[in-house]
Amino acid sequence: MVYSYKDMLPIQKLPEILAAGKLLSADQITKAQTEAECKALSLEECILKKRLATPDRLYKAAADFFKLPFITLLGVVIPPEVLGLVSEPIARTHQVIPYAKEGETLKVALLDPDDFQTLEFIEKKTGLALALTMTDPDSMADALKQYKKTLEAEFSEISKVSKKPVEELAQEAPVIRI
């Protein structure tokens, strides 16, 4: 379990999430905020590093707070056509990943449900309604690895069609310099 400790939950709402989810008492929240400030950490980072709450419990409490379902994506295989609906840079930067499509609805797992701008962008780009679910950082990291697997599969397919090794195809690819 490796965490990147960037603020993934909305900073201003985190104390409310902790209190509403009964993860920490008001006194524990205040102490954690003070310690986080002294050590130049975010409150989320401080709570996770001190193991005052596990990421799973923290993100489940956040899902309850935002009235969203929680999903674990560990080991879930996302169809490439669904994964391709959101570009990898958008998914990685904004920690949001599509995991299923049902009719005109795209199911999206995320870490920050307050990232309205990204969600609106995805809705406009795909033309699909979004069904939001929260996940935890480990699930997100595991799901994001599938972008690389999809790319490797595409290169493998190209290699089979052209009968040349991927390395040779990469050497032959045109490069544009600006």
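Model, not experiment: these values are computed from the prediction.

Before going further, it helps to spend a moment on the environment of E88. Here E88 shows up in helix α6 (residues 88-94). Its relative accessible area of 27% is what places E88 among the partly exposed residues. Separated by 60 residues in sequence, E88 and K148 place their C-alpha atoms 9.0 Å apart.

Think of an α-helix as 3.6 residues a turn; residues three or four steps apart then line up on the same face. Taken as a whole, helix α7 (residues 116-126) has its buried residues at T118, L119, I122 and T126. Taken end-on, α7 shows its buried residues confined to a sector of 100°, consistent with a single buried face. Every exposed residue of α7 that faces more than 90 degrees away from the buried side is listed here: F116, Q117 and K124. Of the residues flanking the end of α7, it is G127, one or two places downstream, whose phi is positive at about 75°.

In this section: the environment of T126. Along the chain, T126 turns up in helix α7. Residue T126 is classed as buried on the basis of its relative accessible area, which comes to 18%. Linking T126 and L85, residues 41 residues apart in sequence, is a C-alpha distance of 6.5 Å. Residues within four places of T126 in sequence aside, it is in contact with L85 and L106. A polar atom in the side chain of T126 sits 2.8 Å from the backbone oxygen of I122. Here L128 takes part through its backbone nitrogen, which lies 3.2 Å from a polar atom of the side chain of T126.

Evaluated as defined, the whole model comprises nine salt bridges. When the shortest N-O distance is used, the salt bridge between K13 and D114 registers 2.9 Å. On the criterion of sequence distance, the pair formed by K13 in the segment before α1 (14-20) and D114 in the loop between β2 (105-110) and α7 is long-range, its members being 101 residues apart. Among the residues examined, K13 registers a relative accessible area of 24% and is labelled partly exposed. Overall, D114 belongs to the buried group, its relative accessible area being 19%.

A few words now on the nonpolar core. Counting 44 residues, the largest nonpolar core has L18, L58, I97 and M134 as its most contacted members. In terms of residue count, the dominant contributor to this core is helix α4 (residues 55-65) (five residues). What L18 contacts, discounting residues up to four positions off in sequence, is L23, L24, I29, L43, I47 and L58.

The next thing to look at is unusual backbone geometry. Most peptide bonds adopt trans geometry, and most residues besides glycine take a negative phi value. The phi torsion at A40 lies on the positive side, around 55°, for a residue other than glycine. Of note, the phi angle at K67 is positive, near 55°, even though the residue is not glycine. Within the secondary structure, K67 sits in the loop between α4 and α5 (80-83).

About the cut-offs
- Residues numbered from 1 in each chain as written.
- Predicted model: local features only at pLDDT ≥ 70, side-chain atom pairs only at ≥ 80, totals over all residues.
- Heavy atoms only, no water.
- Helix = DSSP H or I, 4+ residues; strand = E, 2+ residues; numbered from the N terminus.
- Buried < 20%, exposed > 50% of the residue type's maximum accessible area, 1.4 Å probe, protein only.
- Arc of directions from axis to C-beta.
- Contact = heavy atoms within 4.5 Å.
- Polar contact = N/O pair within 3.5 Å; in protein donor to acceptor, adjacent residues only side chain to side chain.
- Salt bridge = Lys/Arg side-chain N within 4 Å of Asp/Glu carboxyl O.
- Core = buried A, V, L, I, M, F, W, Y, C linked by side-chain atoms within 4.5 Å.

Read these as spatial facts, not as claims about activity.
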